[in-house]
Amino acid sequence: MAEDSGHGGAATEDPVARESRHGHSGQHAGQHSGQHSGHADAAAEEPVAGGSRPESGREASSAGGSGPGTPAGAAASRAGRAPDGVPGEAASGATADGEAANGSTADEGASGAEAGQPAGRGKDGGADGSLSDETSDVAETGATGGGSELSEAQAELAAQQELRSRIEKRKAGKSGPIAAGGKLSGTAADLLAAVRAVESGATPSGTFFEASAAPRKPAPTSLAGPGRPRVPMPEPAPRQPGPGTVQAVLEVLVSGGAPEGLATRVAGVLGEQAADALREDPWRLLAVPGVQPEQADGFARALLGSECRPDDGRRAAALVGWLLERAALRGHTALESATVRTALDGYSVPDPGEALRHAVAEGAVLVFQDGVDAAGEPAEAEEAGTADGHEAQEDEEPAGLREPVPVLLGLDRYALAEESLADGLARLVRTAQPASWEDAAGAAGSPSAAELIRAAAGHGLVAHTGGETARAEPAALVAAARSLGLSAVAAVHSENGRRRTGGGAVTVQGLLSGAEGPGRDGDGALAVDLLAVLDAPQLDVETAAALVESLPDGCRLVLSGDPGVLWSAGAGRVFADVLAARVCPVVASRTPDPGPLGELVSGIGVGELVRVDAPGKEVVIVPVRDAGEAVHRTVQLVADSVPRAIGVPPAETQVITVGHGGSAGTRALNAALKERFNPGPGRFGGFDPADRVAYSPAPGRTLTGSVVSADAEGLRVDCEGTAVLVPQDRVASVLRHGWAITAHQAAGMRWPAVVVVLPGDAAQGLNRPWVYTAFSRGERHLSVVHGMEQALPRAVAEIPSEVRTTRLRSLLEGLLPPGEAGGSSG
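Being a predicted model, the structure only gives us computed values, none of them experimental.

(A) Inspection of the environment of Arg-730 at higher detail. With respect to the secondary-structure elements, Arg-730 resides in the loop between strand 16 (722-727) and helix 21 (731-734). Along the backbone, Arg-730 and Pro-697 are 33 residues apart, and their C-alpha atoms lie at a distance of 9.4 Å.

So this is what it looks like as structure tokens:
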């Protein structure tokens, strides 16, 4: 890498222009700004990864097997209670734009006991209920019942045979209740019986795995011209509670000693009956994003008095839901039951197992036991028997070596989304009619584009991997499909992505809402024959499910993206799970990103931070000693150095840093950059006209733009050519200054020049996907304000993505056995 390492003297020379005059030794003279003239001259080492290569970094997928699809149209029931307009400052572990706190910033930790201890808590603030990513075997504590002669392995095989048989038949749920004890019936009884059966070692009932299969109207595989009726599907407007509801909630909050400012948010989450719901169950306060268990416990003590106990079933159900919601902020769609029990114990729940059973019985959580063992291998032991039905010899696959099938717990919104998505992808695979597009493939501009066209011609689902340059390949596929008379659309993550893709690309959200694209046919399906989704790693499971549900039978779906970037801010890892399941052709682009930036990012993708030759100053390293110097040098780079040496104006240079808080987070950097570029009093909720902003209308979605004006209705913002009105009461929760943003916010977007700020106190927030994403956002130039010393190469070489527990891979493997959907390509 090229490097700027000077720290001494009065500054007269541009830090970017001070390119190495003596080759690429990594050291050269330089001078710093006048504000840092007291620093001694020092030559800095450029961080280069060591010689050892790390493991591949591909995470083990969550265990799971076949599972039923959900009925068509299940997306409508998956909406759940999406947090509306909640600022990212709560200690819930994620911001409104989806950036995980990761403990890397001083003011945005993922958890912590900020408001006292839980009722009856016997520990001294140690466990905070945070969920580790470790996977542990399910503790089998119950008895199997007297006189049972089945071995544990035989019971396991019997359970798997039962589940697989029921899944294959796909029958409607049984009409009668399962005897589960108490007065429960229906779904609650099924769930409770399943949990007890699994924990006792008995064969679980399969009823709770089943869903009634509503017939799906087949959509035509070949669509008519542009005269189809448009069926727009606008995003639901945020719930606006009435003043009477807010006042009633306020009275309950005041009586329980809770902050009055929560009233509107509580009413928005719990609805018109929020006041009565809180009186009946004070722990429902935990459903409000940002509220911690300690706060809910204090509220419950104030309302219930001596009746408030740590073993209260209402508390258990609320805590389980809160733990799973908190896990979803970290990307999990489910958690192992053992992990949840451990977390409940950290909140002084006397009997975590009983609390979990109560939460299942109350419908606060769903239970899953997919047919894949903990090592991720298909559970096919039941097929290893001989033709006459006798079991295979034990020396072929010793039963005692098999890992127990984990019990997973999940919220219904994510469970329905994953099952509906798996079912929809399987439907596309089975309904697509193979075709020959050989002429179009022969006219493609590159071998990789031709390979992608051939794969899409023969399959309903195709995965495509590659970097920024490889985006031309799905674009070529869309053009080829259109030349054949098909309705083909390319969908991207953001407006920024539309600019880079061209060819009439639409955004995923615009396509779903009906604001962009060809609209919908008479059956409500999107009027497309082929859909290529670029930036596929940014698809969360709920958005992906809504998209796939909207596609007609026979439509071809291509998921394309760079597998090295950060995953979606929302729950799930859709693209990674599809790749890992190997249920469709995978076309790996052989077109690399060019130049020093492409070489640098390619090395990071395999765990190496390599030194690159950058004669055109494409990559420059700016070492700093502390966060204050990092902020100063960042402003200097954006305002003076990059425009002068590279020719990129400040308006086209984006700053990316690790988190929002801290001495060199987005808040500190944006304050300094605003003072330099657009000083003002912040008359409109902290903003002035011409301020650069990052607008997050929903978790995981970020639009960059600038403030135009403000009036009584709110703040008017221009987001890359789209006019947006942000209501006054939502400004604080969905709008931030945007000169500096996080890598999660920047995913799916690129700018002519990027300045990545890596202060030393944020090293714990780094991993390889973060560095890969941040360093690959620049089109022409990358400056790295570097204060982490060896923490940066260590993160690239040794720290892969965080593990996410999901079910999509196992569901796909169950619905699409190997060989049915085609193998890999490229």
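(B) Spotlight on the environment of Tyr-695. Along the chain, the position of Tyr-695 falls in strand 13 (residues 692-698). A sequence separation of 40 residues divides Tyr-695 from Leu-735, and the C-alpha atoms of the two residues are 4.8 Å apart. With sequence-adjacent residues up to four places away left out, Tyr-695 is seen in contact with Arg-701, Thr-702, Leu-703, Cys-719, Val-724, Val-726, Val-734 and Leu-735.

(C) Just the pairing of strand 15 (residues 714-719), in detail. Looking at chain direction, strand 14 (residues 701-711) and strand 15 are connected through five bridges and run antiparallel. Residue pairing in the sheet places Val-707 in a bridge with Val-717 of strand 15. Counting the residues between successive antiparallel strands, the hairpin from strand 14 to strand 15 contains two residues. When strand 15 meets strand 16, the two strands line up antiparallel, connected through six bridges. For Gly-714, the partnering residue across the bridge sits in strand 16 and is Pro-727. Here strand 15 folds back onto strand 16 in antiparallel fashion, the turn holding two residues, of which Glu-720 has a positive phi close to 50 degrees.

(D) The arrangement of the pattern of salt bridges in detail. Evaluation of the coordinates by the stated rule reveals 25 salt bridges. As a salt-bridge pair, Arg-499 and Glu-779 come within 3.6 Å of each other at their nearest N and O atoms. Of this pair, Arg-499 sits in helix 14 (residues 495-501) while Glu-779 sits in strand 20 (residues 778-786); the two residues are 280 residues apart in sequence, bridging distant segments of the chain. The exposure class of Arg-499 is partly exposed, given its relative accessible area of 49%. Lys-674 is the salt-bridge partner of Asp-688, the closest N and O atoms lying 2.8 Å from each other. Pair noted here: Asp-688 is in the loop between helix 20 (666-677) and strand 13 and Lys-674 is in helix 20, with a separation of 14 residues, a long-range link.

(E) Structural view of the environment of Leu-673. With respect to the helices and strands, the residue Leu-673 is situated in helix 20. Along the sequence, Leu-673 and Thr-634 sit 39 residues apart, while their C-alpha atoms lie 8.6 Å from each other. Residue contacts for Leu-673: discarding those within four places in its chain leaves Val-635, Val-638, Val-655, Asn-678, Trp-739 and Ala-740.

(F) Inspection of the side chain of His-786 at higher detail. Its place among the elements puts His-786 in strand 20. Take His-786: its relative accessible area is 7%, and that puts it in the buried class. Among the polar contacts listed, one links the side chain of His-786 to the backbone nitrogen of Met-788, at a separation of 3.3 Å. A polar contact is formed between the side chain of His-786 and the backbone oxygen of Glu-789, at a distance of 3.4 Å.

(G) The sheet that holds strand 16, seen in detail. Pairing within the open sheet is antiparallel, and its five strands lie in the order 16-15-14-13-17. Among the strands making up the open sheet, the edge pair consists of strand 16 and strand 17 (735-737). With strand direction ignored, the average angle separating the axes of adjacent strands in the sheet is 40 degrees. Two strands pair when backbone bridges link them, and strand 13 and strand 14 are joined in this way by five bridges, in the antiparallel orientation. The residue bridging Val-693 from the neighbouring strand is Gly-705, located in strand 14.

(H) How the structure looks around the sheet that holds strand 9 (residues 556-561). The parallel open sheet is built from six strands, whose spatial order is 7-6-8-9-5-10. Of all the strands in the sheet, the pair left with one neighbour each is strand 7 (506-507) and strand 10 (586-588). By the bridge criterion, three bridges tie strand 5 (residues 461-465) to strand 10 in an arrangement that is parallel. Residue pairing for strand 10: Ala-463 is matched across the bridge by Val-586. Contacts from helix 13 (residues 472-483) reach strand 5, strand 6 (488-492), strand 8 (530-533) and strand 9, with the element oriented near 155 degrees to strand 6. With respect to the sheet, helix 17 (residues 574-581) is in contact with strand 5, strand 9 and strand 10, its orientation differing from that of strand 5 by roughly 110 degrees.

Basis of the calculations
- Residues numbered from 1 in each chain as written.
- Predicted model: local features only at pLDDT ≥ 70, side-chain atom pairs only at ≥ 80, totals over all residues.
- Heavy atoms only, no water.
- Helix = DSSP H or I, 4+ residues; strand = E, 2+ residues; numbered from the N terminus.
- Contact = heavy atoms within 4.5 Å.
- Pairing = 2+ DSSP bridges.
- Salt bridge = Lys/Arg side-chain N within 4 Å of Asp/Glu carboxyl O.
- Buried < 20%, exposed > 50% of the residue type's maximum accessible area, 1.4 Å probe, protein only.
- Polar contact = N/O pair within 3.5 Å; in protein donor to acceptor, adjacent residues only side chain to side chain.
- Axes fitted to C-alpha atoms, helices over the stretch in contact; angles between N-to-C directions.

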